[in-house]
Amino acid sequence: MAIHSQESPNRLVDRFGRQVTYVRMSVTDRCDFRCVYCMSERMTFIPRAQLLTLEEMAMLGQAFTELGVRKLRITGGEPLVRKNVISLFRQLGRLPELEELTLTTNGSQLEHLARPLREAGVKRINISLDSLDPRRFRRITRIGNLSKVLRGIDAALAVGFERLKLNTVAIRDRGDDEILGLLDFVLDHGMDITFIEQMPAGIDADAPSSQSFVPSEEILELLRTRHEVIATDETSGGPARYYRIPAHATRVGFISPRSHSFCESCNRVRVTTEGRLLLCLGQDHSVDLKKVLRAHPGDLSRLKQAITRAMELKPEGHDFNRARHPVAFRNMSSTGG
Ligand code: SAM
Ligand code: SF4
C-alpha cells in the first residue's frame with residue numbers, strides 16, 4: 001500500500017507543555033495466562049475483525065515516529081501470542097527515527113522467539129514474573145507454567161539483549177522470602193527488577209486490590225533488611241524511581257502510581273488493540289484511530305493530524321481513586337498495562 005505523507009508538525013506537545021515521545025501499543029488482548037490482578041478466569045476477547053491489523057499497527061508506528069516519538073513498547077495481552085507478531089517487530093525495527101523498540105511479555109514464548117526479537121532490533125525486554133515458587137506462580141497466573149517462563153528467560157539471556165528486566169506486581173499474597181528471592185534471582189542473572197504497585201484495573205475478583213495492595217515503601221523496607229539499597233536520580237524517561245545495590249549491575253525500580261504522582265512529567269500515550277489512542281491510563285480521554293485508518297487507508301498525513309489533535313485531550317493527571325472518580329477501569333490486557 002502506498003503511504004503518502006504531507007507536511008505536519010514533528011512534535012507532539014499537549015496543553016501542559018509535555019512532549020509525548022513514548023507510545024505503548026497493545027497488539028492483542030488475548031493471553032495464555034489469567035493473572036488475578038489483570039483478567040477474570042473466563043474472558044471474552046475482542047472479535048478479531050475489531051482488532052487493528054499488523055499493517056495498521058506498523059503504519060501507526062510510522063506516524064508516531066514522524067511526530068517525534070522515539071520509544072515504542074509492544075505489549076498486550078500477551079504480545080507474543082499474536083500470530084506473525086515478529087513481522088510487526090521487523091517493520092517497526094526499521095523505522096529510521098525510532099531509538100528504542102521494546103517489549104513487555106510474560107515470557108512464555110521467549111524460548112522460541114527471543115532470537116527473532118533480537119534480530120528484529122529489540123534491545124531490551126521486560127518480563128513479568130511475580131513468583132519463583134511453581135505453586136504460587138500458578139495461583140497468581142491461574143494457568144501459567146513457571147518452568148516455561150524460566151526457560152524463556154534463559155533463552156533471552158543466551159541471545160544477549162542489552163538489558164532484561166523483571167516486572168513484579170507487589171501483592172499481599174506472597175511471603176517476604178519471595179520478594180528477597182526475586183531480588184537474588186536478578187542479582188545472580190545480571191538483570192534489573194521493577195516492583196509495580198497494583199492498580200485498580202481489570203477484574204480483581206480473586207484478589208481484591210484493597211486487600212492485596214502493597215505500597216512500594218514496604219517492599220523497599222524489606223529489601224533493606226538484607227541489602228544496602230541506595231536511591232539514585234537515574235531515569236528511563238518513565239515513572240520508575242531507581243535504586244542500586246553496591247557492587248551489582250542490577251537496577252531496582254519502583255513504579256508507584258497510587259502512592260506517588262508522576263503525571264507532571266508524563267511523556268507517554270497508549271494505543272489499545274482496537275486502535276483507540278488513550279491519553280492517560282487512569283482517565284477515559286481517547287480518540288478512535290482505527291476509524292481514521294479505515295476511512296483513509298494509507299493516508300499517513302490524516303493519521304498524523306488526528307494524533308496531533310488528540311494531544312489537546314491529554315488530561316493533566318490520573319486518578320486511581322474509584323470513589324472520587326468512577327472512570328471505567330479498563331482491563332490492563334486491552335490497554336497494554
Ligand atoms: N502479558 C504481558 C506481561 O504480563 O508482561 C504484557 C501485558 S501486562 C498487562 C503488562 C504489565 O502490566 C505486566 O507487568 C503486569 O504485571 C502489569 N499489570 C497487569 N495488571 C496490573 C494491575 N492491576 N496493576 C499493576 N500492574 C498490572
Ligand atoms: Fe496476561 Fe500479562 Fe495480564 Fe498476566 S498480566 S494476564 S500475562 S496480560
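Going by the structure above, here's the rest.
Residues numbered from 1 in each chain as written. Chains lettered and ligands numbered in written order. Predicted model: local features only at pLDDT ≥ 70, side-chain atom pairs only at ≥ 80, totals over all residues. Heavy atoms only, no water.

Asks: For this particular structure, what's the right way to read the overall build of the chain?
Replies: Secondary structure summary: the chain contains 11 helices and 12 strands in total. Residues counted as buried form 57% of the 337 residues belonging to the chain. Relative to all contacts within the chain whose residues are 6 or more apart in sequence, the contacts with residues 24 or more apart total 74%. Surface accessibility of the chain: about 14900 Å² in total, with carbon and sulfur atoms responsible for 48%. (Helix = DSSP H or I, 4+ residues; strand = E, 2+ residues; numbered from the N terminus. Buried < 20%, exposed > 50% of the residue type's maximum accessible area, 1.4 Å probe, protein only. Contact = heavy atoms within 4.5 Å. Areas by Shrake-Rupley, 256 points an atom, 1.4 Å probe, with all protein chains shown as cover.)

Asks: In this structure, what is going on with the nonpolar core? I would like to understand it.
Replies: Counting 92 residues, the largest nonpolar core has Phe64, Phe89 and Leu117 as the members making the most contacts within it. The contacts of Phe89, once residues within four sequence positions are left out, are Ile74, Leu80, Leu101, Thr102, Leu103, Leu117, Ala120 and Val122. (Core = buried A, V, L, I, M, F, W, Y, C linked by side-chain atoms within 4.5 Å.)

Asks: Looking at this model, I keep getting lost on the pattern of salt bridges. Mind explaining?
Replies: It is possible for side chains of opposite charge to pair when their charged atoms get near one another. Tallied over the entire structure, the rule returns 13 salt bridges. In this structure, the salt-bridge partner of Arg294 is Glu56, at a minimum N-O distance of 2.8 Å. A residue pair is termed long-range when its members are at least 10 positions apart, and Arg294 in helix H9 (residues 289-295) and Glu56 in helix H1 (residues 54-66) qualify at 238 residues. On the basis of relative accessible area, Glu56 is assigned to the buried category, the value being 13%. Between Glu100 and Arg124 there is a salt bridge, with its nearest N and O atoms 2.6 Å apart. Here Arg124 lies in strand E4 (residues 124-128) and Glu100 lies in strand E3 (residues 100-105), a separation of 24 residues in the sequence. The class for Arg124 is partly exposed, based on a relative accessible area of 23%. Shared partners join several salt bridges into a network, and the residues in it are Glu234, Arg244 and Arg251. (Salt bridge = Lys/Arg side-chain N within 4 Å of Asp/Glu carboxyl O.)

Asks: How do you make sense of the packing of H1 against helix H2 (residues 85-93) when you look at a structure like this?
Replies: Helices that pack against each other are described as a pair by the angle of their axes relative to one another and the distance between those axes. Where H1 contacts H2, the two axes come as close as 10 Å, and the packing angle between them is 20 degrees. The pairing of H1 with H2 is recorded here as roughly parallel in orientation. Note on packing geometry: the crossing formed by H1 with H2 is right-handed. Of the residues in H2, those touching H1 at Leu54, Met57, Ala58 and Gly61 are Val85, Ser87, Leu88, Gln91 and Leu92. The class makeup of the residues in the contact of H1 with H2 is 6 nonpolar, 3 polar and no charged. (Axes fitted to C-alpha atoms, helices over the stretch in contact; angles between N-to-C directions. Parallel < 35°, antiparallel > 145°, perpendicular 65-115°, else oblique. Left-handed = near helix turned anticlockwise from the far one by under 90°. Nonpolar A, V, L, I, M, F, W, Y, C, P; charged D, E, K, R; others polar.)

Asks: What is the right way to look at the site of ligand 1 in this model?
Replies: For ligand 1, the set of nearby residues contains 18 residues, the closest of which are Tyr37, Gly77, Ser128, Val169 and Met199. Note that an oxygen atom of ligand 1 is positioned 3.5 Å from one of the side-chain N or O atoms of Asn167. Computed on the free molecule, ligand 1 has an accessible area of 550 Å², of which 94% lies beneath the protein chains in the complex. Where the shell around ligand 1 is concerned, the elements lending two or more residues are E3, strand E5 (163-170) and strand E6 (192-197). Split by residue class, the shell around ligand 1 holds 7 nonpolar, 9 polar and 2 charged. (Near = heavy atom within 4 Å. Polar contact = N/O pair within 3.5 Å; in protein donor to acceptor, adjacent residues only side chain to side chain.)

Asks: Please explain the site of ligand 2 as it appears in this structure.
Replies: Around ligand 2, a shell composed of Cys31, Phe33, Cys35, Cys38, Met39, Gly77 and Asn106 is seen. Class assignment for the residues of the shell around ligand 2 results in 5 nonpolar, 2 polar and no charged.

Asks: Hey, could you run me through the packing of aromatic side chains in this one?
Replies: What the rule picks out here adds up to 3 aromatic pairs. By way of ring pairs, the aromatic residues Phe195, Tyr243 and Phe254 are connected into one cluster. It is Lys71 that lies over the ring of Tyr22; its NZ or CZ is 4.6 Å from the centre. Seen from the ring of Tyr242, Arg251 lies directly overhead, with NZ or CZ sitting 3.8 Å from the centre. (Phe/Tyr/Trp six-rings, centres within 6.5 Å; stacked < 30°, edge-to-face > 60°. Lys NZ or Arg CZ within 6 Å of the ring centre and 35° of its normal.)

By themselves, these are just geometric observations and shouldn't be taken as functional.
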